[in-house]
Amino acid sequence: MRRVYLDNNATTPVAPEVFEAMRPYLVSDYGNASSIHWYGQQAKAAVENAREELARLINARPAEIVFTSGGTESDNAAIFGIVEAAKGDSKHVISSDIEHHAVLFACRALEKRGVRVTYVRAGSDGVVDPADVERAIGPDTVLITLMHANNELGTIQPLEEIGRIARQHDIFFHTDAVQSVGKIPVDVEALGVDLLSLSAHKLNGPKGVGALYVRRGTILKPLLYGGHHERDRRPGTENTPGIVGLGRAAGLAREGMPEEAARIGALRDELEAGILARVPDAAANGGRLHRLPTTTNLRFDAIEGEGFVIAMDLKGIACSTGAACSSGSVEVSHVLSAIGLTPAQARSSIRFSLGRYNAPEDVATTLGILPDVVERLRAVSPHYRKAVASVK
Ligand SMILES: *Cc1c(COP(=O)(O)O)cnc(C)c1O
């Protein structure tokens, strides 16, 4: 069976170039980057080289990059780090209702500690209005944390405008850019962010490594206590192979950026248009104007998402009902609810996310299989005719 992977927003395969770059640091150059002997110096040089590569991808200075264990840690380090370093008894944070759980649940934890959080509501297009962010600002606002590209919809937030607002009001601005880094241009100066989270495994690097960009001069209270690694900002022996992999993945992404984005975007458009043309009572979720080239989120009336994903998997096609972390839970996606979908619509929604190794045959294979799967599931659904009757 020909397998097709259309779940690149959940994770991506490690590029062979990345794997080859990592190999020596697992096998022969295994030193601790803090050691003074040859082994340590090899590791140290590799870590610093990766830091430069990654800094170049996002237009940062190498000294502003802190390596972490991934996107989740970077989000938590930024959010708790800023809020706990902030002075005053009354603290307020602005976020949105379409954030990844790594941000959303960090904000909920802040609320339990007495911090006030405003969750700005995204529109039905899956985009936050900067005016709503500005209106939410109060005298005690210490942080704005808003994602760059949404992992479920692919929608891109107007960070430049929000960055300008944050700067005018002298408020720290963090973005979770885990889905956008390596896919579209991400420039910390143009976006006006003070902190930015990214993760290697979303851009053809290894799992368990990521980074937090911290603008020069930004004071964070650390999450972890230990050694003097990463300029005292993140203790723990550096994950040299992982960091090298992240650096190489950043280099690959930068080299191929405009062409790859165009190629993947064309495949995504073909897949989306092909499905919408072949499947009746299907629709796209979220706005399609400001969107990553990698992602489409579609709903098929009366289809139960989990059942659809399993039926597609049996045919060799991997797609997703939304955030991978939510699979197995019966809750509907908070993102799809936030943009106004009914629970039934949210449950019938499927995310297809493409990446570096998808080819035109993947789209053709999927278009050959998907309409039958939908039809078969609808044939046994008690809701299908009713659903059609109610939307017409
Ligand atoms: C995957 C993802 C994360 C979490 O990153 P990990 O490296 O898996 O911890 C955070 N935010 C977004 C938007 C993501 O897509």
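What counts and what doesn't
Residues numbered from 1 in each chain as written. Predicted model: local features only at pLDDT ≥ 70, side-chain atom pairs only at ≥ 80, totals over all residues. Heavy atoms only, no water. Salt bridge = Lys/Arg side-chain N within 4 Å of Asp/Glu carboxyl O. Helix = DSSP H or I, 4+ residues; strand = E, 2+ residues; numbered from the N terminus. Buried < 20%, exposed > 50% of the residue type's maximum accessible area, 1.4 Å probe, protein only. Domains from an automatic or database assignment. Contact = heavy atoms within 4.5 Å. Buried area = accessible area lost by both parts, 1.4 Å probe. Polar contact = N/O pair within 3.5 Å; in protein donor to acceptor, adjacent residues only side chain to side chain. Pairing = 2+ DSSP bridges. Axes fitted to C-alpha atoms, helices over the stretch in contact; angles between N-to-C directions.

## Details of the pattern of salt bridges
Inference 1: Evaluation of the coordinates by the stated rule reveals 21 salt bridges.
Inference 2: When the shortest N-O distance is used, the salt bridge between R116 and D140 registers 3.2 Å. Here R116 is found in strand β4 (residues 116-120), whereas its partner D140 is found in the loop between α5 (130-136) and β5 (141-145), with 24 residues between them in sequence.
Inference 3: You can call R116 partly exposed: its relative accessible area is 45%.

## Some details on unusual backbone geometry
Inference 1: Even without glycine at this site, N204 takes up a positive phi of about 65 degrees.
Inference 2: Mapped onto the elements, N204 comes out in the loop between β7 (195-199) and β8 (210-214).
Inference 3: The backbone of R231 shows a phi angle near 50 degrees, a positive value even though the residue is not glycine.
Inference 4: Along the chain, R231 turns up in the loop between β8 and α8 (240-278).
Inference 5: The exposure class of R231 is exposed, given its relative accessible area of 61%.

## Let's talk about the domain arrangement of the protein chain
Inference 1: Domain boundaries assigned for the protein chain yield domain 1 (4-12 + 256-391) and domain 2 (16-254).
Inference 2: Distance between the C-alpha centres of domain 1 and domain 2: 28 Å.
Inference 3: Counting residues at the interface gives 30 residues for domain 1, matched by 37 residues for domain 2.
Inference 4: Surface buried jointly by domain 1 and domain 2 totals about 2800 Å² across both partners, of which 53% is contributed by carbon and sulfur atoms.
Inference 5: The tally of links from domain 1 across to domain 2 stands at 0 salt bridges.
Inference 6: The interface formed by domain 1 and domain 2 holds 19 residue pairs in polar contact (both at pLDDT 80 or more) in total.

## Some remarks on the sheet that holds strand β9 (residues 282-284)
Inference 1: Within the open sheet, the 3 strands sit side by side as β9-β10-β12. Their pairing is antiparallel. Of all the strands in the sheet, the pair left with one neighbour each is β9 and β12 (349-353). Neighbour to neighbour, the strand axes of the sheet diverge by 30 degrees on average, direction disregarded.
Inference 2: Direction of pairing for β9 relative to strand β10 (residues 295-300): antiparallel, over a ladder of 3 bridges. If you follow A282 over to β10, its bridge partner there is F300.
Inference 3: With respect to the sheet, α8 is in contact with β9, β10 and β12, its orientation differing from that of β10 by roughly 10 degrees.

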